[in-house]
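Structure at a glance
As a plain string of letters, each chain reads:
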Amino acid sequence: MKTRQLGSNGPHVSAIGLGCMGMSDYYGTKATRNEVESIKTIHAALDAGIDFLNTGDFYGKGQNELLIAQALKQRPEKPFISVKTGILKNTMGGYGGVDGSPKAIKNAVHYSLTRLGMDVIDLYQTARIDPAVPVEDTVGAIADLIKAGKVRYLGLSEANSEILRRAHAVHPVTAVEVEYSLATRVIENDLLKTGRELGVSIVAYGVLSRGLLTGTLKGEFAPTDFRAHAPRFKGENFSKNQNHLATLKKFADEKNCTPSQLAIAWALHQGDDIISLIGTTSISRLQENLKALEIKLSQSELHQLNEAFPEGLFAGTRYDTGQMRLVVN
């Protein structure tokens, strides 16, 4: 497994991290999730050398952290654990807003530590920037947790360049988790440059655009599946986006790989300061995706892909109107 340094002040971790969200929330339904298979997938990831696990305290209302804790029992590995916080759930289990207040941050970390069965969280970050709370206050709370030995490194998620600079002035930011793929390249406008200037890594989620770039989705999602409500996956937008996948498959065929592998390889080639998350719940998909590490893309091939998939090509926003206000766009 290839490794990369996480930020200028962080440790070396696997170039590919395992995103665990779908094991407990957002995709499919409760009936379609299989905790036994998910635990086996985590074990397979560890066996393959992945030592970066990504979760959130709101994934499955804490269930995802419990799942990770169960998976790590009786395992010799001590992987790097990244935890997001600040997203609230409503009574139906849906999105209930965001709370980045110091009081909420300092309260939530203890619940995460308990569920994970750990004494310290490696990377702790706000899942979204709370517009009602100065980011300096939110970051200051995490800095206090670092001083107290409850957290090792500070992270942000879906923060723009201005927010990153303000946060970094309070305490060094190690990484920004943000969506980045052939279908979503908005961070190339500014954030990626700012991160490199400050020595902040990018943890890229959605490198397969929630399955869109696999070419296997049919556009039919359960009401509880996040994609049923995301404009990019609905109606005419979804139909238009399918046309772009034919281009991706053509490139993949030329490289004798799958579209998924090519999309992950593209993300890995964007810089040694980028950690690519793959979110899967099955060993077979994990094994397929890991083969992306073996794909070499020349500068000419990267140029062709960049020209074929510019930012804004895919129809529909990645979140609904309300949530788009809280992400880099």
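In case you missed it, the structure is sitting above this.
The following paragraphs examine the structure supplied in this document. (Residues numbered from 1 in each chain as written. Predicted model: local features only at pLDDT ≥ 70, side-chain atom pairs only at ≥ 80, totals over all residues. Heavy atoms only, no water.)

**A look at the pattern of salt bridges**
This model, assessed by the stated rule, comprises 22 salt bridges. Between Arg318 and Glu158 there is a salt bridge whose closest N-O contact spans 2.8 Å. Here Arg318, found in the loop between helix H10 (299–308) and helix H11 (321–324), pairs with Glu158, found in the loop between strand S9 (151–157) and helix H5 (161–170); they are 160 residues apart in sequence, far enough to count as distant. Relative accessible area serves as the criterion here: at 4%, Arg318 is assigned to the buried category. Between Lys250 and Glu254 there is a salt bridge; the shortest N-O distance is 2.9 Å. A residue pair is termed a helical-turn pair when its members lie 3 or 4 positions apart in one helix, as Lys250 and Glu254 do in helix H7 (residues 235–254) at four residues. The network of salt bridges with shared partners includes Glu158, Glu179, Arg210 and Arg318. (Salt bridge = Lys/Arg side-chain N within 4 Å of Asp/Glu carboxyl O. Helix = DSSP H or I, 4+ residues; strand = E, 2+ residues; numbered from the N terminus. Buried < 20%, exposed > 50% of the residue type's maximum accessible area, 1.4 Å probe, protein only.)

**Comments concerning the pairing of strand S8 (residues 121–126)**
For S8, the buried fraction is high: six of the six residues fall into the buried class. As paired elements, S8 and S9 share five bridges and run parallel to each other. Looking at S9, one finds that Tyr124 is bridged to Leu154. Between S8 and its parallel partner S9, the chain crosses via helix H4 (residues 135–147), and the hand of that crossover is right-handed. (Pairing = 2+ DSSP bridges. Right-handed = clockwise from strand over helix to strand, strands pointing away.)

**Thoughts on helix H2 (residues 63–72)**
Where burial is concerned, most of H2 is hidden: seven out of the ten residues are buried. Turning to H2, its buried residues number three or more, namely Asn64, Glu65, Leu67, Ile68, Ala69, Ala71 and Leu72. Residues of H2 that are buried in the fold lie against helix H1 (35–47), strand S4 (52–56), strand S5 (80–85) and helix H3 (102–116). Trailing H2 by a residue or two, Gln74 shows a phi angle of about 60°, which is positive. (Contact = heavy atoms within 4.5 Å.)

**Structural notes on the sheet that holds strand S10 (residues 175–179)**
Think of a sheet as strands paired side by side through backbone hydrogen bonds, with each pair either parallel or antiparallel. One closed barrel accounts for eight strands, arranged S3-S4-S5-S8-S9-S10-S11-S12; its pairing is parallel. Sheet twist, expressed as the average angle between the axes of neighbouring strands with direction ignored, equals 30°. Strand direction decides the pairing type here: S4 and S5, joined by five bridges, are parallel. Bridge pairing in S5 links Thr55 to Val83. (Axes fitted to C-alpha atoms, helices over the stretch in contact; angles between N-to-C directions.)

**Here we look at the side chain of Ser209**
Residue position: Ser209 is located in the loop between strand S11 (201–205) and H7. A relative accessible area of 1% means that Ser209 is categorised as buried. At 3.5 Å, the side chain of Ser209 and the side chain of Arg232 are in polar contact. Apart from residues lying up to four places away in sequence, Ser209 is in contact with Glu179, Ser181, Ala183, Arg232 and Phe233. (Polar contact = N/O pair within 3.5 Å; in protein donor to acceptor, adjacent residues only side chain to side chain.)

**What about the environment of Pro131?**
Summarising the element assignment, Pro131 is placed in the loop between S8 and H4. The exposed category is assigned to Pro131, whose relative accessible area is 69%. Sequence separation of Pro131 and Val13 is 118 residues, and the distance between their C-alpha atoms is 31 Å. Dropping the residues within four chain positions of it, Pro131 is found in contact with Val98 and Leu326.

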